[in-house]
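Here is what each chain is made of, one letter per residue.
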Amino acid sequence: MRTKYTANMEIKKLNRSNIYLLLLENQGLSRQEIVLKLGLSLPTVTQNIEELIAEGLVAESGFIGNTGGRRARSYSAVLNARVAIGLDVTKHHITCAAVDLSGNIIEYIRIRQKFERTDNYYKILGSLVNDIIEKIKIPPSRVLGVGIGVPGLVTADNNRIFYGEILNFDGATSAEFGRHIPYPVSLHNDANAAGFAEIWSHDFLANSFYLMLSNNIGGSVLINGQIYSGENLRSGEIGHLKIVPNGKQCYCGQKGCFDAYCAATVLSNYTEGNLDKFFEKLRAKDPQTEKLWDEYLDFLAQAVSSINTLFDSTVILGGYVGEYIEEYLDDLKSRAAKLHPFDKGSAYLQACKYKKQAIAAGAALSYIDEFIASV
Ligand SMILES: [Zn+2]
């Protein structure tokens, strides 16, 4: 339970906030149950519930209790009292997701669309956002904002891309991306957004390293439930960890980077860009595919073992390859264990929970998180 204990938070605000958080995480509680769980007085609980109902954030949700005694009215948080929209912009696709106050994806759209830094492209983003809001039938006044996950490094105010080699969009701003979006817009590094979504979905896992194994590799350092951005906002750029001296050329200009060995394209290039087909062939025991996968797992084991040695935290495997990793996780664990100085079980390795929607969901969650903190 995410009970808040901020020392200088006004008691009244603290009580209200804790009641709201409790109802967000436990649907259908009676006032008496809230009294017991939070150690508050009944009048305090009643007054706050009434206020939250008046604001549309909480609603009566039925009755609980046995038939013998008096049945108590139960209350729940209204999960779609606010929603946020997330977009995930990649070289060839756009994913758009609507997320409610519990972090659930209530709707999502994914289209194939080549990225271009043009007005026409930004119009497509605007119409995707409008389409999804129409689909979920939520009035625009309840939309908190639109978070856009991008394969680039973003300034601390979430307004500008300062390293955009992958899509060649250095200097692009949230105003530019949001030209046709009638809501607040912010930009988010893709791996950070996906990592944030993962810690939300793993029961608010506090510390972890999120490894994004997509067509490029990204990473996100999550400490105490927050993204650790680093001094220059480029922490966790694990794709450029050198794992082979003077090895394969990386797009960053260096040689032997992890990205050149474990990007999803290393696998999908063998099956005409289709990663699903790669894993089909692997299951069918195609020898060339097995060889590629064997090498891939060895390089991946090397990286995850180094990450865990450094952070001593959970390592979540996400991105395109993360979608398939579950059935190979035991194999990866034993390879990583052989390379780790202390840890011989590799229990720190976990498969991602979100699949293709992780980045869009995480970008939207930035607004949800901010809103919940403000209640
Ligand atoms: Zn590199």
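Residues numbered from 1 in each chain as written. Predicted model: local features only at pLDDT ≥ 70, side-chain atom pairs only at ≥ 80, totals over all residues. Heavy atoms only, no water.

Novice: Any details on the nonpolar core? Residues and values, ideally.
Specialist: Most often, soluble globular proteins have nonpolar side chains that are buried together. Of all hydrophobic cores here, the largest spans 47 residues; its most connected members are Ile19, Tyr20, Leu23, Ile34, Leu101, Leu365 and Ile368. At the level of elements, helix H1 (11–25), helix H2 (31–38), helix H3 (42–54), strand E3 (72–77), helix H6 (190–201), strand E11 (208–213) and helix H13 (358–374) are the ones that each hand at least two residues to this core. Residues within four places of leucine 365 in sequence aside, it is in contact with Val99, Gly103, Phe196, Ala197, Trp200 and Tyr354. (Core = buried A, V, L, I, M, F, W, Y, C linked by side-chain atoms within 4.5 Å. Buried < 20%, exposed > 50% of the residue type's maximum accessible area, 1.4 Å probe, protein only. Helix = DSSP H or I, 4+ residues; strand = E, 2+ residues; numbered from the N terminus. Contact = heavy atoms within 4.5 Å.)

Novice: Quick one: what's the story with the domain arrangement of the protein chain, residue by residue and with numbers?
Specialist: For an interface, size is often stated in terms of accessible area lost upon the parts coming together. Its domain assignment divides the protein chain into domain 1 (11–77), domain 2 (83–195 + 358–374) and domain 3 (204–351). Taken together, the contact pairs 17 residues of domain 2 with 15 residues of domain 3. Buried surface at the junction of domain 2 and domain 3, summed over both partners, amounts to about 1,200 Å²; 63% is from carbon and sulfur atoms. Taken as a group, Ile166, Ala191 and Asn192 account for 36% of the area that domain 2 buries against domain 3, more than any other trio of residues on that side. (Domains from an automatic or database assignment. Buried area = accessible area lost by both parts, 1.4 Å probe.)

Novice: Account for the pairing of strand E14 (residues 314–318), with residues named and values stated.
Specialist: A large share of E14 lies buried, amounting to 5 of its 5 residues. On E14, burial covers both faces: Thr314, Ile316 and Gly318 on one face and Val315 and Leu317 on the other are all buried. Pairing of E11 with E14, which is carried by 5 bridges, proceeds in the parallel orientation. Bridging across to E14, phenylalanine 209 finds its partner in valine 315. Two strands pair when backbone bridges link them, and E14 and strand E15 (residues 349–351) are joined in this way by 3 bridges, in the parallel orientation. (Pairing = 2+ DSSP bridges.)

Novice: Pulling in residues and values, what's your account of the pattern of salt bridges?
Specialist: Summed over the entire model, instances satisfying the criterion amount to 14 salt bridges. Between arginine 179 and aspartate 119 there is a salt bridge whose closest N-O contact spans 2.9 Å. In this pair, arginine 179 is assigned in the loop between helix H5 (174–177) and strand E10 (185–189) and aspartate 119 in helix H4 (residues 119–136), connecting sequence segments 60 residues apart. For arginine 179, a relative accessible area of 46% translates into the label partly exposed. Because the salt bridges share partners, they merge into one network encompassing Asp294, Asp298, Asp331 and Arg335. (Salt bridge = Lys/Arg side-chain N within 4 Å of Asp/Glu carboxyl O.)

Novice: Quick rundown of the environment of isoleucine 105? Include the residues and the values.
Specialist: Along the chain, the position of isoleucine 105 falls in strand E6 (residues 105–112). Given the relative accessible area of 26%, isoleucine 105 is considered partly exposed. Between the alpha carbons of isoleucine 105 and leucine 233 there is a distance of 28 Å; along the sequence they are 128 residues apart. Setting aside residues up to four positions removed in sequence, isoleucine 105 forms contacts with Ala97, Ala98, Val99, Tyr354, Gln357 and Ala361.

Novice: Hey, could you go over H3 for me, with residue numbers and the actual values?
Specialist: Compared with an ideal rise of 1.5 Å per residue, which puts 13 residues at 18 Å, H3 spans 18 Å between its outermost C-alpha atoms and is within 8% of the ideal. Residues of H3 that are buried include every one of Val45, Thr46, Asn48, Ile49 and Leu52, and no others. Looking at the buried positions of H3, the neighbouring elements they touch are H1, H2, strand E2 (58–64) and E3. Positive phi appears at glycine 56, one or two residues downstream of H3, with a value of about 80 degrees. (Expected span 1.5 Å × (residues − 1).)

Novice: Would you mind going over the pairing of strand E7 (residues 143–150) in detail, with residue names and values included?
Specialist: Most of E7 sits inside the fold, with 8 of its 8 residues counted as buried. For strand E4 (residues 83–89) and E7, the ladder comprises 5 bridges, and the chain directions are parallel. Across the sheet, valine 83 pairs through a bridge with valine 143, a residue of E7. Where E7 meets E10, 5 bridges bridge the pair, whose relative direction is parallel. Following the sheet pairing, valine 150 is matched in E10 by asparagine 189.

Novice: Describe the coordination of the zinc ion, and please don't skip the residues or the numbers.
Specialist: Around the zinc ion, the protein contributes the donor atoms His240 (ND1), Cys250 (SG), Cys252 (SG) and Cys257 (SG), at 2.0 to 2.4 Å from the metal centre. Relative to the metal, the 4 donor atoms surrounding the zinc ion lie at angles of 106 to 121 degrees, and the coordination shape comes out tetrahedral. Read in sequence order, the donor residues coordinating the zinc ion give the pattern H-x9-C-x1-C-x4-C. Taken together, the positions of histidine 240 in the loop between strand E13 (226–227) and helix H7 (259–262) and cysteine 257 in the loop between E13 and H7 put the pair 17 residues apart, joining distant regions of the chain. Given the relative accessible area of 1%, cysteine 257 is considered buried. (Donors = N, O, S within 2.8 Å, 3.2 Å for Na, K, Ca; no water. Tetrahedral: all angles 85-135°; square planar, octahedral: opposite > 155°, others 65-115°.)

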